[in-house]
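A look at the structure
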Amino acid sequence: MKRKGPGAYWFLMPSVLLLLIFFIVPIILTIGFAFTNMALTGSAAQNLEFVGFQNFVNMFQDPDFRISVWRTLTFLIFSAVIGQVVLGFILALLMKEKNMTFRRIIGLIVIAGWVTPEIVVAFCMVAFFSDNGSLNQILGWFGANPVSWLFSFPMVSVIIANIWHGTAFSMMVYQSALDEIPKDIEEAAVIDSATNFQILRYITIPMVKGSIVTNMMLVTLQTLGVFTLIYTMTGGGPGTSTNTLPIFMYNQAFVNYQFGYGTAISLVLLFIGIIASLFYMRSMKVKV
Amino acid sequence: MVKHGALRKVQYGILVFLGICFLLPLLWIILAAFDPNAQQGIKVPDTFTLKNFSDVLGDPSNLRSFGIGILLSGGQAIIVVVVSVLAAYPLSRYEMRFKKSFMLSILFMTALPITAVMVPVFQMFLFFKLQNSIIATMLFLTSSSLPYGIWMMKNFMDSVPIDLEEASWMDGASVWTGLRKVVSPLMLPGIATIAIFTFSGSWGNFFVPYILLQTPDKLPASVTIYQFFGSHGMVEYGRLAAFSLLYTMPSVILYIFSQRYMSKGFSMGGATKG
């Protein structure tokens, strides 16, 4: 029995109000402020003016912005798409049909990195990559000279940190997807003397394709917003070498106090988010 | 089904290797927390000590930051649960014209990166003189996890059969009583899952309180731990590690609890079920 009636709207009221004030209004403000010269200091602080597309013109001429887009793409592709999505799949696949206790132990270790708050992940990784850290310690056993990872390979370091933190999510998604593949299909393929690679290529992957696509969009969206990890580990540096869009936005708005420009960068971030989000929804084929 | 023995050994080998790679960064923080002379590298302490923990807990400002963190995340989790139960009820039980577009907008909002709206949110807080207000920060955190809460809650509520509720109406219960006394208790596992995920999400959130709160006496643990890292982190590894472990503890405990409530597996947080 489905009911109709005005009562429904009262139940929805608190959510709608909260979402309106703290979600929709900021998004509208983002669009509005991006066309102003808003700043906290300097002459622009007193008189707020509509500046049209000036922020965007400046942005596209700003070499730092272009670098930042490039850094964001590198971070997204290597830490989200290649790192988490692929490594998560490999882990889930390898763990299939393994000893239960063994599976549980490896699973727990990987999940521990996911449960750990982002800022603690950053501390662990700063220590891991530091000059006297664990990584150099281990490489030393093999006779390698110590490397200042955070200084010489900052992007690699933050990418590995994000993979360490995020892979468990993808692994769990794939594990439940792989568990749902009926056993007899793969067994039939074995009887027909299919190789392991053929089973993977023609049975396993096509059957979990939906999960792969949805998970990839979700991981991309999460990675797009990563701030804490990079800010704590490298602060966007050295120079601009890990200056992704969220860090660039933060520095323009809260360090240089150029809020109009900072908001324009937010809008680019939001725009990429909206596109990825629409793809994500399409991939889910939701029925509401 | 014949398994290639050699291939299986290789697979076990790769898993052990990956397991060690994942374990190493974590092992450092656990060992360093109990080490009186902790360094950046992994080493088993010569003597185990709890002094790092007592130093961190002995500082009243650290204790206060834990308290504020619990207040902020706990308050947020409670509001999210109450508000999303209310919203989920008509979405699950009523016929409404805008239901489909409402649910699609909610799903869309779950995916948007919050990072992108922080600059205008800060300006909005500044404009309404809300900066440095714990309540306003809590409400912002509430709205940012509300889409996820509503989406999950609606799915959980769909699985509660309507017959039981109808029976209670026959006995003269109001819609409101039915929701409170029949539906809510039946979906307690769902409510607990959402509460835990919401709490852990904001407990671990550094960016939002870092932007919206300023004075030291209002900062939650996620920000104080960052400041500790900034001022002493490069020297006092032991205390940093102990602080980190204490701060990570609630997330770990709640994760273990949530495992008990979550039914089977991890199906996209219930979202793929539509």
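Residues numbered from 1 in each chain as written. Chains lettered and ligands numbered in written order. Predicted model: local features only at pLDDT ≥ 70, side-chain atom pairs only at ≥ 80, totals over all residues. Heavy atoms only, no water.

As annotated in an unreviewed UniProt entry, chain B is Carbohydrate ABC transporter permease from Paenibacillus lemnae. The Sequence similarities (unreviewed entry) comment attached to chain B in UniProt states, word for word, "Belongs to the binding-protein-dependent transport system permease family." Of the comments in the UniProt record for chain B, the one headed Subcellular location (unreviewed entry) reads "Cell membrane". (UniProt positions renumbered as here; feature names shortened; annotations may be inferred.)

With an unreviewed UniProt entry as reference, chain A is termed Sugar ABC transporter permease, source organism Paenibacillus lemnae. Check the Sequence similarities (unreviewed entry) section of the UniProt entry for chain A; it says "Belongs to the binding-protein-dependent transport system permease family."

**Some remarks on the UniProt feature "transmembrane region" (unreviewed entry) in chain B**
Within this structure's numbering, the places UniProt gives as "transmembrane region" (unreviewed entry) are residues 12-34, 66-89, 101-128, 134-151, 186-212 and 237-257 of chain B. Its end C-alpha atoms 37 Å apart, residues 186-212 of chain B is made of 85% helix and 0% strand. (Helix = DSSP H or I, 4+ residues; strand = E, 2+ residues; numbered from the N terminus.)

**Topic: a nonpolar patch on the surface**
Residues and elements named next belong to chain A. On the surface, W10, M13, L17, L20, I21, I24 and I28 cluster together to form a nonpolar patch covering roughly 690 Å² of accessible area. Tracing the backbone through its elements, the reader meets I24 in helix α1 (residues 7-33). When its relative accessible area of 31% is taken as the criterion, I24 is described as partly exposed. (Patch = residues over 30% accessible without salt bridge, like charges linked within 9 Å, V, L, I, M, F, W, Y side chains within 5 Å. Areas by Shrake-Rupley, 256 points an atom, 1.4 Å probe, with all protein chains shown as cover. Salt bridge = Lys/Arg side-chain N within 4 Å of Asp/Glu carboxyl O. Buried < 20%, exposed > 50% of the residue type's maximum accessible area, 1.4 Å probe, protein only.)

**So, the pattern of salt bridges**
All names here are of chain B. Counted under the stated rule, the structure contains six salt bridges over all chains. The salt bridge involving K43 is made with D35; its shortest N-O contact spans 2.8 Å. When its relative accessible area of 33% is taken as the criterion, K43 is described as partly exposed. Between R239 and E236 there is a salt bridge; the shortest N-O distance is 2.3 Å. Under the relative-accessibility criterion, E236 is labelled partly exposed at 26%.

**Observations concerning the environment of R201 of chain A**
Considering the arrangement of structural elements, one finds R201 of chain A in helix α10 (residues 196-207). Separated by 17 residues in sequence, R201 of chain A and L218 of chain A have C-alpha atoms that sit 24 Å apart.

**Describing the interface of chain A and chain B**
Taken residue by residue, the interface counts 99 residues in chain A and 101 residues in chain B. For the pair chain A and chain B, the summed buried area comes to about 9,000 Å², and 78% of that belongs to carbon and sulfur atoms. The interface formed by chain A and chain B contains zero salt bridges. Connecting chain A to chain B are 12 residue pairs in polar contact (both at pLDDT 80 or more). Ranked by the residues each element gives to the side of chain A that touches chain B, the list is headed by α1 of chain A, at 19 residues. Tallied by class, the residues present in the side of chain A that touches chain B amount to 68 nonpolar, 24 polar and seven charged. (Contact = heavy atoms within 4.5 Å. Buried area = accessible area lost by both parts, 1.4 Å probe. Polar contact = N/O pair within 3.5 Å; in protein donor to acceptor, adjacent residues only side chain to side chain. Nonpolar A, V, L, I, M, F, W, Y, C, P; charged D, E, K, R; others polar.)

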